[in-house]
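Residue-level structural notes
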Amino acid sequence: MSEFEAALRSKVTEAQETLREARRAGHDYEIHLHSARIRDLLDRAAQHGVDTHDWIDPALLENSGLGH
């Protein structure tokens, strides 16, 4: 695993935890922000050819937008 991939994976893991905390607290706006951060990190990884299929459970990002 490259240093770049390791750094991205670490950031995704951190964002997942803050997303879970926001969900537990019922903070809709924070849920939206952390979900967007995760999507951004996964997009960045994909742009660089990094396989992220096992980094996150897709269900975690479901219904994470505002107004959903």
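Residues numbered from 1 in each chain as written. Predicted model: local features only at pLDDT ≥ 70, side-chain atom pairs only at ≥ 80, totals over all residues. Heavy atoms only, no water.

Points about the overall build of the protein chain
Across its full length, the protein chain holds 2 helices and 0 strands. Computed over C-alpha atoms, the radius of gyration of the protein chain comes to 12 Å, within 12% of the 11 Å expected from 2.2 N^0.38 for 68 residues, which places it in the range of a compact globule. When the backbone C-alpha atoms are referred to their principal axes, the protein chain occupies close to 35 × 20 × 15 Å. Counting all 68 residues of the protein chain, 29% fall into the buried class. When contacts within the protein chain are restricted to residue pairs at least 6 apart in sequence, long-range pairs at least 24 apart make up 61% of them. Summing over all exposed atoms, the protein chain offers an accessible surface of approximately 4600 Å²; the carbon and sulfur share of this is 48%. Within the protein chain, one finds 8 positive and 13 negative side-chain charges whose respective centroids are separated by 2 Å. (Helix = DSSP H or I, 4+ residues; strand = E, 2+ residues; numbered from the N terminus. Rg over C-alpha atoms; globule rule 2.2 N^0.38 Å. Buried < 20%, exposed > 50% of the residue type's maximum accessible area, 1.4 Å probe, protein only. Contact = heavy atoms within 4.5 Å. Areas by Shrake-Rupley, 256 points an atom, 1.4 Å probe, with all protein chains shown as cover. Lys, Arg positive; Asp, Glu negative; His and termini not counted. Charge placed at Lys NZ, Arg CZ, Asp CG, Glu CD.)

A short note on the nonpolar core
Residues L19, I38, L42, W55 and I56 are the most contacted members of the largest nonpolar core, which totals 15 residues. When near neighbours in sequence (up to four residues on either side) are disregarded, W55 contacts E5, L8, R9, V12, Q16, L42, A45 and V50. (Core = buried A, V, L, I, M, F, W, Y, C linked by side-chain atoms within 4.5 Å.)

A look at helix α2 (residues 28–47)
In a regular helix each residue adds 1.5 Å, so 20 residues correspond to 28 Å; α2 covers 29 Å between its end C-alpha atoms and thus fits that length. For α2, the full list of buried residues reads I31, S35, I38, L41, L42 and A45. In an axial view of α2, the angular spread of the buried residues amounts to 120°, which keeps them on one side of the axis. Opposite the buried face of α2, by more than 90 degrees, sit the exposed residues Y29 and Q47. The inward-facing, buried residues of α2 abut α1 (3–25). Following α2 by one or two positions, G49 has its phi on the positive side, about 75°. (Expected span 1.5 Å × (residues − 1). Arc of directions from axis to C-beta.)

Some details on the environment of V50
Summarising the element assignment, V50 is placed in the segment after α2. Using a relative accessible area of 13% as the deciding quantity, one classes V50 as buried. Among all residues touching V50, those that are not within four sequence positions of it are F4, E5, A45 and W55.

Re the environment of S10
Mapped onto the secondary structure, S10 falls in helix α1. S10 sits in the partly exposed class, given a relative accessible area of 43%. In the structure, S10 is positioned 44 residues away from D54 in sequence and 13 Å away in space, judged by C-alpha atoms.

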